[in-house]
Structure formats: structure tokens, C-alpha cells
Amino acid sequence: NAGVTQTPKFRILKIGQSMTLQCTQDMNHNYMYWYRQDPGMGLKLIYYSVGAGITDKGEVPNGYNVSRSTTEDFPLRLELAAPSQTSVYFCASSPSRAPGNTIYFGEGSWLTVV
Amino acid sequence: DQQVKQNSPSLSVQEGRISILNCDYTNSMFDYFLWYKKYPAEGPTFLISISSIKDKNEDGRFTVFLNKSAKHLSLHIVPSQPGDSAVYFCAASGLSSGANSKLTFGKGITLSVRP
């Protein structure tokens, strides 16, 4: 029972580099999300998707891009990495938007931009 | 502007005693509240939730109380166990924004349960 799988677990980037955080879920969930958690802070929504081909911005989308070509995959692209993007990134999924459906999180990806 | 506030960053309790974790919110449009638990190097996991039509929801050792007039909720863990030591996040959403797409999280409380 894999659930939500994120890769890589850890990554160090240089300023200006680009990278993609991969996320896949095997629960056939329609909704997928990317959150970031800065030290001592709560999780902030970066982007979310309500189904294949549909994405929308969350609270902190600047500097990121996403795509959703399949139900299973929701990669997060960082263009021109900046130190402010040093954070822990969590991918998540849920079956629908109705109250009572909980969000299932991946284990997180630790990203440091130097 | 923090809409979900967990003002105490940490809490330490003795094993077997009650743990009370507090959460306040400012947005009156929130009508669904959740608690997530997070161990180090893992993603958050859902613990318990409550709808604004209720004032209490219980699941085993965990009970969440909601006081809508005070915009306050609390998570009670009785009895506390060492395995409960983790970071607890309070989260809130509003039906009009699509519950899961607009979850707002607090900063989290680190609970330590002493053996």
C-alpha cells in the first residue's frame, strides 16, 4: 500500500537551477496538492488539482509550476531556484472535495537552495 | 494574517495524564476543522475532525471540542502515551471554498509525553 510517493527525499540546489519534484498516488484520488512547510510554520498550499488536466494556484504559487496529465501524477517544477524556496515540500491527495474526506500526505521532500 | 492560530509552540505532559492542545481561528467562514499529527521525517497524518454543526467529536483516546462563539477548538488526548509525542497541526476549511482545496493550517504544537 504505497499511498502518496514523493521523490527525491532530499535535494540541494544552487541558486538559479531548476528541478522537478515528482509525486504519484495509487489511490485513484481526483484531488492532488502541493504544500510547503517552512521551519516553525504551518503548511501552505502551493498548487492543487481537481483532476487530470486541471490545476489551480494555492496560497504561495510564485516560482512554481505544475501539470496534471494523469490521475496518478502531479509533478512540481521549480524554475530558477531561490533561497526562499528552501523548505520541506509535501504532496498530498484526497478522493474529493467534500468535508469528511481527509487528505493523505506523502513523506516529504527536503529542499535546500544555496 | 494568521487565520488559524496555535499560540503555544510546545506542550509537555506526563504519561497517563491528559494533553490539551488549543487552536483559535479568525475566519468565521470556516466550518470544518481537522487535526493532523506529524512525526519527524514523515508526512502529516489525519487524526480527527469536526464539523461546525457539532461541538464535540470523539475517537478513542482523542476528543475534539469546538466552541464556535469563541472561535476556539481543542484536542484532548486521554490518557497520553509516549507514542503520542509528535507535532499536531490544527487545520480549517470553509464549504464555500471547497473543503480540501483550501485547508488553512496552524503552525503546529510539539507535544512531548514523558514516560
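In this text the structure is predicted, and so the values were computed from the model without any measurement.

1. Structural notes on the overall build of chain B
Item 1. Regarding its fold elements, chain B presents zero helices and eleven strands.
Item 2. In terms of overall dimensions, chain B is globule-like: its C-alpha atoms have a radius of gyration of 14 Å, near the 13 Å expected for 115 residues.
Item 3. Taking the principal axes of its C-alpha atoms as reference, chain B extends roughly 45 × 30 × 20 Å.
Item 4. The proportion of buried residues among the 115 residues of chain B is 46%.
Item 5. Taking contacts inside chain B between residues at least 6 apart in sequence as the whole, the part at least 24 apart equals 55%.
Item 6. When the accessible area of chain B is evaluated, it comes to approximately 5300 Å², of which 50% is carbon and sulfur surface.

2. Here we look at the overall build of chain A
Item 1. The helix and strand inventory of chain A stands at zero helices and eleven strands.
Item 2. Going residue by residue from the N terminus, the α and β elements of chain A occur as β-β-β-β-β-β-β-β-β-β-β.
Item 3. The C-alpha atoms of chain A give a radius of gyration of 13 Å, which matches the 13 Å a tight globule of 114 residues would have.
Item 4. Dimensions of chain A along its principal axes, counting C-alpha atoms only, are 40 × 30 × 25 Å.
Item 5. Across the 114 residues in chain A, those meeting the buried criterion constitute 45%.
Item 6. Here the contacts in chain A between residues at least 6 apart in sequence split such that 53% fall between residues at least 24 apart.
Item 7. As presented, chain A carries roughly 5300 Å² of accessible surface, and 52% of it is formed by carbon and sulfur atoms.
Item 8. Of note, chain A has its 9 positive side-chain charges centred 7 Å away from the centre of its 8 negative side-chain charges.

3. What to know about the nonpolar core
It is characteristic of soluble globular proteins that their nonpolar side chains tend to be buried jointly.
Item 1. Ranked by internal contacts, the top residues of the largest apolar core, which has 24 residues, are B:Phe33, B:Trp35, B:Leu73, B:Leu75 and B:Tyr88.
Item 2. Contributions of two or more residues to this core are made by β3 (19-25), β4 (32-38), β5 (45-51), β7 (62-67), β8 (72-77), β9 (86-93) and β11 (109-114) of chain B.
Item 3. No other element matches the four residues that β9(B) contributes to this core.
Item 4. Dropping the residues within four chain positions of it, B:Leu75 is found in contact with B:Ser19, B:Ile20, B:Leu21, B:Trp35, B:Leu47, B:Ile48, B:Phe62, B:Thr63 and B:Tyr88.
Item 5. Counting 19 residues, the second-largest nonpolar core is a separate cluster that includes A:Val4, A:Leu21, A:Tyr64 and A:Cys91.

4. Brief notes about the environment of A:Lys9
Item 1. Looking at the element boundaries, A:Lys9 is found in the loop between β1 (4-7) and β2 (10-13).
Item 2. When the C-alpha atoms of A:Lys9 and A:Leu21 are compared, they prove to be 9.2 Å apart, with twelve residues separating the residues in sequence.

Calculation criteria
- Residues numbered from 1 in each chain as written.
- Chains lettered and ligands numbered in written order.
- Predicted model: local features only at pLDDT ≥ 70, side-chain atom pairs only at ≥ 80, totals over all residues.
- Heavy atoms only, no water.
- Helix = DSSP H or I, 4+ residues; strand = E, 2+ residues; numbered from the N terminus.
- Rg over C-alpha atoms; globule rule 2.2 N^0.38 Å.
- Buried < 20%, exposed > 50% of the residue type's maximum accessible area, 1.4 Å probe, protein only.
- Contact = heavy atoms within 4.5 Å.
- Areas by Shrake-Rupley, 256 points an atom, 1.4 Å probe, with all protein chains shown as cover.
- Lys, Arg positive; Asp, Glu negative; His and termini not counted.
- Charge placed at Lys NZ, Arg CZ, Asp CG, Glu CD.
- Core = buried A, V, L, I, M, F, W, Y, C linked by side-chain atoms within 4.5 Å.

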